[in-house]
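Here is what each chain is made of, one letter per residue.
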Amino acid sequence: MPNGDTHTAINLGALLGLGGVYLALGLPWTPPASALVGGYLFGTLFLTPDLDLGHRARVRARRNWGALSALWLPLGILVKHRGVIHTWGRGPALLLLYFVVVFGGVLALALFGLQAAGVTFPPTWNVRLTPQAFWWLALPGYLLAYWIHLWLDDYRPWRWREW
Ligand SMILES: [Zn+2]
(Lines give C-alpha, C1' and ligand atoms only; values in the text may rest on other atoms or scores of the structure.)
Protein backbone atom coordinates (compact mmCIF):
# COMPACT_ATOMS: atom_id res chain seq x y z
CA MET A 1 0.00 0.00 0.00
CA PRO A 2 1.52 3.28 -1.10
CA ASN A 3 1.71 6.21 1.29
CA GLY A 4 -0.51 9.26 0.92
CA ASP A 5 1.83 11.28 -1.26
CA THR A 6 2.36 8.34 -3.63
CA HIS A 7 -1.41 7.95 -3.91
CA THR A 8 -1.76 11.63 -4.76
CA ALA A 9 1.10 11.52 -7.27
CA ILE A 10 -0.27 8.44 -9.08
CA ASN A 11 -3.79 9.88 -9.23
CA LEU A 12 -2.54 13.20 -10.60
CA GLY A 13 -0.27 11.38 -13.06
CA ALA A 14 -3.21 9.32 -14.33
CA LEU A 15 -5.23 12.52 -14.74
CA LEU A 16 -2.45 14.15 -16.75
CA GLY A 17 -2.21 11.05 -18.95
CA LEU A 18 -5.97 10.81 -19.56
CA GLY A 19 -6.29 14.57 -20.02
CA GLY A 20 -3.40 14.51 -22.48
CA VAL A 21 -5.07 11.80 -24.55
CA TYR A 22 -8.37 13.69 -24.44
CA LEU A 23 -6.79 16.90 -25.70
CA ALA A 24 -4.56 15.07 -28.21
CA LEU A 25 -7.73 13.62 -29.75
CA GLY A 26 -8.84 17.18 -30.35
CA LEU A 27 -11.88 16.87 -28.11
CA PRO A 28 -13.26 20.20 -26.92
CA TRP A 29 -12.98 21.20 -23.27
CA THR A 30 -16.56 21.52 -22.07
CA PRO A 31 -18.25 22.26 -18.71
CA PRO A 32 -19.07 18.53 -18.30
CA ALA A 33 -15.37 17.71 -18.73
CA SER A 34 -14.56 20.29 -16.06
CA ALA A 35 -17.12 18.72 -13.72
CA LEU A 36 -15.56 15.29 -14.28
CA VAL A 37 -12.06 16.61 -13.61
CA GLY A 38 -13.30 18.63 -10.63
CA GLY A 39 -14.80 15.53 -9.04
CA TYR A 40 -11.63 13.60 -9.73
CA LEU A 41 -9.43 16.27 -8.13
CA PHE A 42 -11.79 16.47 -5.15
CA GLY A 43 -11.52 12.69 -4.74
CA THR A 44 -7.74 12.88 -5.05
CA LEU A 45 -6.99 15.82 -2.78
CA PHE A 46 -9.88 16.17 -0.33
CA LEU A 47 -12.05 13.06 -0.06
CA THR A 48 -9.83 9.98 0.01
CA PRO A 49 -10.33 6.59 1.70
CA ASP A 50 -7.41 7.27 4.05
CA LEU A 51 -9.52 9.81 5.95
CA ASP A 52 -10.59 6.71 7.90
CA LEU A 53 -7.25 6.95 9.71
CA GLY A 54 -8.71 9.79 11.77
CA HIS A 55 -6.41 10.74 14.65
CA ARG A 56 -4.26 7.64 14.11
CA ALA A 57 -1.99 9.22 11.52
CA ARG A 58 -1.28 12.42 9.67
CA VAL A 59 -3.31 12.29 6.50
CA ARG A 60 -2.50 14.63 3.64
CA ALA A 61 -6.14 14.84 2.53
CA ARG A 62 -7.20 15.82 6.05
CA ARG A 63 -4.57 18.54 6.28
CA ASN A 64 -5.73 19.86 2.90
CA TRP A 65 -8.95 20.90 4.66
CA GLY A 66 -6.99 23.45 6.70
CA ALA A 67 -9.04 24.94 9.52
CA LEU A 68 -11.81 22.39 8.87
CA SER A 69 -9.53 19.36 9.11
CA ALA A 70 -10.63 18.56 12.67
CA LEU A 71 -14.10 17.71 11.31
CA TRP A 72 -12.58 14.50 9.93
CA LEU A 73 -11.28 13.24 13.27
CA PRO A 74 -14.56 11.69 14.48
CA LEU A 75 -14.61 9.47 11.38
CA GLY A 76 -11.52 7.66 12.67
CA ILE A 77 -13.41 6.89 15.88
CA LEU A 78 -16.50 5.64 14.03
CA VAL A 79 -14.68 3.27 11.67
CA LYS A 80 -11.43 1.37 11.60
CA HIS A 81 -8.70 2.02 9.07
CA ARG A 82 -9.10 -0.10 5.93
CA GLY A 83 -12.55 -1.11 7.10
CA VAL A 84 -15.82 -0.04 5.50
CA ILE A 85 -14.38 3.15 3.98
CA HIS A 86 -11.95 1.00 1.99
CA THR A 87 -14.69 -0.69 -0.04
CA TRP A 88 -15.82 -0.12 -3.62
CA GLY A 89 -19.46 0.82 -3.11
CA ARG A 90 -20.19 1.49 0.56
CA GLY A 91 -16.88 3.32 1.03
CA PRO A 92 -17.33 6.23 -1.38
CA ALA A 93 -21.04 6.49 -0.50
CA LEU A 94 -20.46 6.64 3.26
CA LEU A 95 -17.55 9.05 2.96
CA LEU A 96 -19.66 11.36 0.80
CA LEU A 97 -22.55 11.05 3.25
CA TYR A 98 -20.28 11.92 6.18
CA PHE A 99 -18.98 14.92 4.24
CA VAL A 100 -22.45 16.19 3.31
CA VAL A 101 -23.90 15.71 6.82
CA VAL A 102 -20.96 17.05 8.86
CA PHE A 103 -19.72 19.84 6.58
CA GLY A 104 -23.22 20.72 5.40
CA GLY A 105 -24.33 20.89 9.02
CA VAL A 106 -21.47 23.19 9.99
CA LEU A 107 -22.11 25.40 6.95
CA ALA A 108 -25.83 25.58 7.73
CA LEU A 109 -25.07 26.50 11.35
CA ALA A 110 -22.61 29.16 10.23
CA LEU A 111 -25.07 30.68 7.74
CA PHE A 112 -27.84 30.52 10.30
CA GLY A 113 -25.61 32.22 12.85
CA LEU A 114 -24.61 34.96 10.40
CA GLN A 115 -28.22 35.53 9.44
CA ALA A 116 -29.24 35.67 13.09
CA ALA A 117 -26.48 38.24 13.59
CA GLY A 118 -28.11 40.38 10.92
CA VAL A 119 -25.82 39.64 7.98
CA THR A 120 -27.65 39.66 4.64
CA PHE A 121 -26.45 37.73 1.60
CA PRO A 122 -26.50 39.12 -1.92
CA PRO A 123 -29.40 37.60 -3.92
CA THR A 124 -27.01 36.67 -6.76
CA TRP A 125 -25.75 33.80 -4.56
CA ASN A 126 -28.95 31.89 -5.15
CA VAL A 127 -28.54 32.14 -8.90
CA ARG A 128 -24.93 30.92 -8.83
CA LEU A 129 -25.77 27.98 -6.60
CA THR A 130 -28.52 26.65 -8.87
CA PRO A 131 -27.34 23.14 -9.75
CA GLN A 132 -26.66 22.37 -13.39
CA ALA A 133 -27.27 18.85 -14.68
CA PHE A 134 -23.69 18.31 -15.81
CA TRP A 135 -22.41 18.76 -12.25
CA TRP A 136 -23.45 15.15 -11.70
CA LEU A 137 -20.41 14.19 -13.75
CA ALA A 138 -18.30 15.16 -10.74
CA LEU A 139 -19.56 11.92 -9.18
CA PRO A 140 -17.91 9.48 -11.65
CA GLY A 141 -14.77 11.62 -11.39
CA TYR A 142 -14.79 11.21 -7.60
CA LEU A 143 -15.43 7.46 -7.91
CA LEU A 144 -12.61 6.98 -10.40
CA ALA A 145 -10.11 8.71 -8.10
CA TYR A 146 -11.42 6.67 -5.15
CA TRP A 147 -11.19 3.39 -7.02
CA ILE A 148 -7.64 4.00 -8.22
CA HIS A 149 -6.71 4.48 -4.55
CA LEU A 150 -8.40 1.18 -3.59
CA TRP A 151 -6.75 -0.67 -6.44
CA LEU A 152 -3.32 0.56 -5.34
CA ASP A 153 -4.16 -0.60 -1.80
CA ASP A 154 -4.64 -4.14 -3.23
CA TYR A 155 -8.42 -4.15 -3.15
CA ARG A 156 -10.06 -5.83 -6.14
CA PRO A 157 -13.63 -5.18 -7.39
CA TRP A 158 -14.31 -8.84 -8.13
CA ARG A 159 -14.07 -9.74 -4.44
CA TRP A 160 -17.70 -9.18 -3.48
CA ARG A 161 -16.87 -8.72 0.21
CA GLU A 162 -14.95 -5.59 -0.71
CA TRP A 163 -18.07 -3.83 -1.99
ZN1 LIG B 1 -5.81 3.60 1.58
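For clarity, every value in this text was computed on a predicted model and none was experimentally measured.

### Structural notes on the overall build of the chain
A tally of regular secondary structure across the chain gives seven helices and zero strands. If you line up the chain on its principal axes, its C-alpha atoms span 50 × 45 × 25 Å. For the chain, the accessible surface area stands at approximately 10,000 Å², while carbon and sulfur atoms represent 73% of it. Each charge class in the chain was averaged separately, 12 positive and 6 negative side chains, and the resulting centres sit 5 Å apart.

### Thoughts on the coordination of the zinc ion
D50 (OD), H86 (NE2), H149 (NE2) and D153 (OD) make up the full set of protein donors to the zinc ion, lying at 2.0 to 2.3 Å. Its four donor atoms give the zinc ion angles of 88 to 171 degrees at the centre, a pattern that matches the irregular case. When the donor residues of the zinc ion are listed from N- to C-terminus, their spacing reads D-x35-H-x62-H-x3-D. Separated by 36 residues along the polypeptide, D50 in the loop between α2 (31–45) and α3 (60–63) and H86 in the loop between α4 (73–78) and α5 (90–116) bring together distant segments of the chain. Pair check on accessibility: D50 and H86 agree, each one buried.

### Observations concerning the nonpolar core
L47, L51, W72, L75, L95, F99 and Y146 are the most contacted members of the largest nonpolar core, which totals 19 residues. Where this core is concerned, the elements lending two or more residues are α5 and α7 (138–152). At four residues, α5 tops the list of elements feeding residues into this core. In this structure L51 touches F46, V59, A61, R62, W72, L75 and L95, once residues within four positions along its chain are discounted.

### Points about the packing of aromatic side chains
Applying the stated rule across the entire model yields 16 aromatic pairs. Here W72 and F103 contribute two aromatic rings whose centre-to-centre distance is 5.2 Å and whose plane-to-plane angle is 40 degrees, an arrangement assigned as tilted. Of this pair, W72 sits in the loop between α3 and α4 while F103 sits in helix α5; the two residues are 31 residues apart in sequence, bridging distant segments of the chain. Residue class for W72 comes out buried when judged on its relative accessible area of 0%. Ring geometry for W147 against W163: centres 6.3 Å apart, planes inclined by 65 degrees, an arrangement best described as edge-to-face. Taken as a pair, W147 in helix α7 and W163 in the segment after α7 lie far apart in primary sequence, 16 residues in all. A relative accessible area of 29% means that W147 is categorised as partly exposed. Ring-pair connections join several aromatic residues into one group, and the members of that group are F42, F46, W65, W72, Y98, F99 and F103. For the cation-ring pair, R156 lies above W151, with the distance from its terminal atom to the ring centre recorded as 3.7 Å.

### What about the UniProt feature "transmembrane region" (unreviewed entry) in the chain?
Per the UniProt record, the feature "transmembrane region" (unreviewed entry) sits at residues 12–29, 35–53, 95–121 and 133–152. Along residues 12–29 the backbone is 72% helical and 0% strand, and the end-to-end C-alpha distance reaches 18 Å. The span residues 95–121 is 81% helical and 0% strand by assignment, and the distance between its end C-alpha atoms comes to 30 Å.

### So, the environment of Y40
With respect to the element layout, Y40 can be found in helix α2. Of the residues examined, Y40 reaches a relative accessible area of 3% and is grouped as buried. When the C-alpha atoms of Y40 and N11 are compared, they prove to be 8.7 Å apart, with 29 residues separating the residues in sequence. Residue contacts for Y40: discarding those within four places in its chain leaves N11, A14, L15, G141, Y142, L144, A145 and I148.

Reading the values: the criteria
Residues numbered from 1 in each chain as written. Predicted model: local features only at pLDDT ≥ 70, side-chain atom pairs only at ≥ 80, totals over all residues. Heavy atoms only, no water. Helix = DSSP H or I, 4+ residues; strand = E, 2+ residues; numbered from the N terminus. Areas by Shrake-Rupley, 256 points an atom, 1.4 Å probe, with all protein chains shown as cover. Lys, Arg positive; Asp, Glu negative; His and termini not counted. Charge placed at Lys NZ, Arg CZ, Asp CG, Glu CD. Donors = N, O, S within 2.8 Å, 3.2 Å for Na, K, Ca; no water. Tetrahedral: all angles 85-135°; square planar, octahedral: opposite > 155°, others 65-115°. Buried < 20%, exposed > 50% of the residue type's maximum accessible area, 1.4 Å probe, protein only. Core = buried A, V, L, I, M, F, W, Y, C linked by side-chain atoms within 4.5 Å. Contact = heavy atoms within 4.5 Å. Phe/Tyr/Trp six-rings, centres within 6.5 Å; stacked < 30°, edge-to-face > 60°. Lys NZ or Arg CZ within 6 Å of the ring centre and 35° of its normal. UniProt positions renumbered as here; feature names shortened; annotations may be inferred.

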